[in-house]
Amino acid sequence: MSQDVPDEKLMKLRYAGVCRVCSADLPAKTPAIYERSTKTVRCVEHAGASATDEPAEARVTVPDPASTSEPTVPPTPEPVIDTGTAGASARREFERRKQRREDRVREKHPKIGGLLLALSDDPQTTTAWNTGALGEERLGAGLDSRGSEQLRLLHDRRIPRSRANIDHLAVTPTGVYVIDAKKYAGRPHLEVEGGILRPRVEKLLVGRRDCTKVVDGVLKQIEVVKGVLGDSVPVHGVLCFVEADWPLIGGSFTTREVAVLWPRKLYSRLAAADGPLDAEAIAAAHQQLARALPPA
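Owing to the predicted nature of the structure, the values given are computational and were not obtained by experimental measurement. (Residues numbered from 1 in each chain as written. Predicted model: local features only at pLDDT ≥ 70, side-chain atom pairs only at ≥ 80, totals over all residues. Heavy atoms only, no water.)

Now for the overall build of the protein. Assigned secondary structure in the protein consists of six helices and 14 strands. A buried classification covers 37% of the 296 residues belonging to the protein. A sequence separation of at least 24 residues applies to 58% of the contacts in the protein between residues at least 6 apart. Surface summary for the protein: the accessible area is close to 17600 Å², and the carbon and sulfur share equals 53%. (Helix = DSSP H or I, 4+ residues; strand = E, 2+ residues; numbered from the N terminus. Buried < 20%, exposed > 50% of the residue type's maximum accessible area, 1.4 Å probe, protein only. Contact = heavy atoms within 4.5 Å. Areas by Shrake-Rupley, 256 points an atom, 1.4 Å probe, with all protein chains shown as cover.)

Pasting the structure below:
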């Protein structure tokens, strides 16, 4: 035994033991002599006993008090989830179309193809994918900066057996939000026709552009998410216009139960803490959606 570490130590027992000399019970926190070499204890009445005065039947092994940490069971880690990259599929489609055009022009005009490309722009059918990707990327970055255990996110999720995708999914205490990001110019507003003698028809306009079909798309995405989660989790639809001409006061509205709003308005809505889902239910819904709707 090293001289730096005494073999015996007077201490309050961390665990109950038995005196190795007299077999007296020694409850936890009782002052006693701990012997490191034999890992046994003696009551203070036998503090002067030597290591040879040891009835074999009285020896009791006790934990080494040098180890002060309680045994712990590590928590079960959550499965690793690929949350996706906002705008990834739109960005890939833009790059694919752009590259295909460049290859076509250079093949048709080997000598002046580069000049022609420099003097001309990509067609609108190509640039629209870049615009869409930018809108998704911007909104995705804002959502990610606010992510937490109470706000779990998935981006650019592929709908099985379809070429369509869901831009963003947010799982919060108030339910799951199906979010479609759009980067359109103009002011979003609702135009209503009929309602008394004729059936009520709601049209979503952004400036003069009729975007009613965009609402139809969100409604279809809501049904996909409900098919994954069932009726136990509320599902909400959102159309978020990231660079529209919103008024200084008001401006948001709802059409066919789909909220139409801008990023900051969306962030405040997602931050609502009071809802039917606790942290465990949020994590479970997030995992279930991630499995059923993989990254696009």
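Now for the nonpolar core. In this structure, L169, V225, L239, F241 and L289 are the most contacted members of the largest nonpolar core, which totals 33 residues. The set of elements that each furnish at least two residues to this core consists of β7 (165-172), β8 (175-182), β10 (201-206), α4 (212-229), β12 (235-241), β14 (258-261) and α6 (279-292). Top element by residues in this core is α4. It accounts for seven residues. Every residue in contact with L239, bar those within four places of it in the chain, is listed here: D180, K182, L204, V214, V215, V218, V258, A259, V260 and L261. With 16 residues, the next largest nonpolar core counts L151, A170, C240 and Y267 among its residues. (Core = buried A, V, L, I, M, F, W, Y, C linked by side-chain atoms within 4.5 Å.)

A few words on the confidence of the model for the protein. Confidence in the prediction for the protein averages 86 pLDDT; 88% of positions are at 70 or higher. Here residues 56-61 scores under 50 on pLDDT; set against residues more than four positions off or in separate chains, the count is 13 contacts. (pLDDT = per-residue confidence, 0-100.)

Next up on the list: the environment of P263. Considering the arrangement of structural elements, one finds P263 in helix α5 (residues 263-270). Along the primary structure P263 and V242 are separated by 21 residues, whereas in three dimensions their C-alpha atoms are 6.1 Å apart. Aside from chain neighbours lying at most four places away, what touches P263 is L139, C240, F241 and V242.

Here we come to unusual backbone geometry. Peptide bonds are mostly trans, and most non-glycine residues show a negative phi. The backbone of D156 shows a phi angle near 50 degrees, a positive value even though the residue is not glycine. Along the chain, D156 falls in strand β6 (residues 152-158). For D156, a relative accessible area of 1% translates into the label buried. In this structure, R161 takes a positive phi of about 60 degrees despite not being glycine. Positionally, R161 belongs in the loop between β6 and β7. Of the residues examined, R161 reaches a relative accessible area of 83% and is grouped as exposed.

Taken in spatial order, the three strands line up as β1-β4-β5 in an open sheet, and their pairing is antiparallel. Both edges of this open sheet fall to β1 (8-12) and β5 (40-43), since each of them pairs with a single strand only. Ignoring strand direction, the axes of neighbouring strands in this sheet form an average angle of 35 degrees. Pairing between strand β4 (residues 31-35) and β5: four bridges, direction antiparallel. Within β5, the position partnered with Y34 by the bridge is V41. (Pairing = 2+ DSSP bridges. Axes fitted to C-alpha atoms, helices over the stretch in contact; angles between N-to-C directions.)

Our next topic: α4. Compared with the 26 Å implied by 1.5 Å per residue over 18 residues, the 27 Å span of α4 between its first and last C-alpha is a close match. Those residues of α4 that fall on the buried side of the exposure criterion are T212, V214, V215, V218, Q221, I222, V225, V228 and L229. The first or second residue beyond α4 is G230, which carries a positive phi of 80 degrees. (Expected span 1.5 Å × (residues − 1).)

Take the environment of V215 next. By secondary structure assignment, the location of V215 is in helix α4. Given the relative accessible area of 1%, V215 is considered buried. Separated by 12 residues in sequence, V215 and K203 place their C-alpha atoms 9.2 Å apart. Apart from residues no more than four positions distant in its own chain, V215 is found in contact with L204, L239, T255, R256 and V258.

Let's shift gears to the packing of α4 against α6. The contact between α4 and α6 brings their axes to 10 Å, and the two run at 115 degrees. Here α6 runs roughly perpendicular to α4, going by the angle between their axes. Along this stretch, α4 crosses α6, giving a crossing that reads as right-handed. Contact residues: V225, V228 and L229 in α4; A285, Q288, L289 and A292 in α6. Broken down by class, the residue content of the contact of α4 with α6 amounts to six nonpolar, one polar and no charged. (Parallel < 35°, antiparallel > 145°, perpendicular 65-115°, else oblique. Left-handed = near helix turned anticlockwise from the far one by under 90°. Nonpolar A, V, L, I, M, F, W, Y, C, P; charged D, E, K, R; others polar.)

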